[in-house]
Amino acid sequence: ETGVTQSPTHLIKTRGQQVTLRCSSQSGHNTVSWYQQALGQGPQFIFQYYREEENGRGNFPPRFSGLQFPNYSSELNVNALELDDSALYLCASSLASTYEQYFGPGTRLTVT
Amino acid sequence: GDSVTQMEGPVTLSEEAFLTINCTYTATGYPSLFWYVQYPGEGLQLLLKATKADDKGSNKGFEATYRKETTSFHLEKGSVQVSDSAVYFCALRGIGNEKLTFGTGTRLTIIP
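Cut-offs used in this document
Residues numbered from 1 in each chain as written. Chains lettered and ligands numbered in written order. Predicted model: local features only at pLDDT ≥ 70, side-chain atom pairs only at ≥ 80, totals over all residues. Heavy atoms only, no water. Helix = DSSP H or I, 4+ residues; strand = E, 2+ residues; numbered from the N terminus. Rg over C-alpha atoms; globule rule 2.2 N^0.38 Å. Buried < 20%, exposed > 50% of the residue type's maximum accessible area, 1.4 Å probe, protein only. Contact = heavy atoms within 4.5 Å. Disulfide = S-S within 2.5 Å. Salt bridge = Lys/Arg side-chain N within 4 Å of Asp/Glu carboxyl O. Polar contact = N/O pair within 3.5 Å; in protein donor to acceptor, adjacent residues only side chain to side chain. Nonpolar A, V, L, I, M, F, W, Y, C, P; charged D, E, K, R; others polar. Pairing = 2+ DSSP bridges. Axes fitted to C-alpha atoms, helices over the stretch in contact; angles between N-to-C directions.

Novice: Honestly, the overall build of chain A in this entry has me stumped. Any pointers?
Specialist: When you go through chain A residue by residue, the secondary structure sums to zero helices and 11 strands. Moving toward the C terminus, one meets the helices and strands of chain A in the order β-β-β-β-β-β-β-β-β-β-β. In terms of overall size, chain A behaves like a compact globule, its C-alpha atoms giving a radius of gyration of 13 Å where 112 residues would be expected to give roughly 13 Å. By principal-axis analysis of the C-alpha atoms, chain A measures approximately 40 × 25 × 25 Å. Taking all 112 residues of chain A together, 51% fall into the buried category. In chain A, the proportion of contacts linking residues at least 24 apart, taken out of those at least 6 apart, comes to 54%.

Have a look at this one:
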């Protein structure tokens, strides 16, 4: 059974650019949640997708957007990057919305 | 809103010492409570969980008891090993809620 995978592992972008991060959910899971983990902090909930629909959102501006595909993989898009967007972005998949979440290794984004 | 307060680190202990990492929470009703562990360069792994008052979660020698009266979920281990060195996160999920709310994490270092 393949776990949650994320790509790329690391990414460096310039302020104002746009970035797309990808996540493949664990086999059989239809729900994907995204979290932002700033250095030295706990993860903060960005949003969740359940069966291709957004199913909840944290306190993040609209320039953070996402997609979920029919195979339940997901993308996180961030427009107009700011220096404070530098963080580890974690994806977690689960069997359903309120079930146990399994985390991927994360994508480390650095904005310069 | 929901919140989690964790004991600030870093915590440094000698091998075989007793470990306690304090965690208290604020939430309505009876949330589910979790401890996650993050090893260097990796994503989050679920260590243990408890879903109702007085439940004890346990795994790999770690234990935590859901105390509704003190709104606490302290993590304990009787004899730590060097391999337990990691960052530990306390988290909760409110009833019917899709997101996890995390504490800021406690970095644990075990010295031989």
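Novice: I'm lost on the state of the cysteines in this one. Help?
Specialist: Each disulfide is one covalent bond, formed between the sulfur atoms of two cysteines. All names here are of chain B. This structure, assessed with the given rule, holds two disulfides over all chains. With a sulfur-sulfur separation of 1.9 Å, Cys23 is cross-linked through a disulfide to Cys90. Because the sign of the S-S torsion sets the handedness, a value of about -70 degrees for the bond joining Cys23 and Cys90 places this disulfide among the left-handed ones. Placement of the pair is Cys23 in strand β4 (residues 23–26) and Cys90 in strand β10 (residues 86–93), with a sequence separation of 67 residues.

Novice: So what exactly am I meant to see when it comes to the pattern of salt bridges here?
Specialist: Pairs may arise between side chains of opposite charge once their charged atoms sit close together. All chains considered together, the criterion is met by eight salt bridges over all chains. A salt bridge links Glu100(A) to Lys49(B); the nearest nitrogen and oxygen atoms lie 3.3 Å apart. Of this pair, Glu100(A) sits in the loop between β9 (87–94) and β10 (102–103) while Lys49(B) sits in strand β6 (residues 44–50), each in a different chain. Classification of Lys49(B) as partly exposed rests on a relative accessible area of 38%. Among the ionic pairs, Lys77(B) bridges to Asp84(B), the shortest N-O distance being 2.8 Å. Residue Lys77(B) is classed as buried on the basis of its relative accessible area of 9%. Each of Arg63(A), Glu82(A) and Asp85(A) takes part in one network of salt bridges that share partners.

Novice: I'm lost on the interface of chain B and chain A in this one. Help?
Specialist: When the parts of a complex come together, some accessible area is lost, and that lost area is often used as the size of the interface. The partner chain A presents 21 residues to the 17 residues of chain B that form the contact. Our count for the chain B to chain A interface comes out at one salt bridge. Summed over the shared surface of chain B and chain A, the number is five residue pairs in polar contact (both at pLDDT 80 or more). Every element with two or more residues in the side of chain B that touches chain A is listed here: β5 (32–38), β6 and β10 of chain B. Here the side of chain B that touches chain A gets three residues from one element, more than from any other, and that element is β6(B). Residues belonging to the side of chain B that touches chain A are distributed by class as follows: six nonpolar, six polar and five charged.

Novice: Sorry, what's going on with the sheet that holds strand β8 (residues 74–78) of chain A here?
Specialist: What holds strands together in a sheet is hydrogen bonding between their backbones, with the strands either parallel or antiparallel. Residues and elements named next belong to chain A. If you trace the four strands from one edge of the open sheet to the other, you get β1-β3-β8-β7, paired in antiparallel fashion. Single-partner strands in this sheet number two, and they are β1 (5–7) and β7 (64–68). Taken over all neighbouring pairs, the strand axes of this sheet differ in orientation by 20 degrees on average, direction set aside. Of the strand pairs in this sheet, β7 and β8 are connected by five bridges, and their pairing is antiparallel. Bridge pairing in β8 links Gln68 to Ser74.

By themselves, these figures tell us nothing about what the structure is for.
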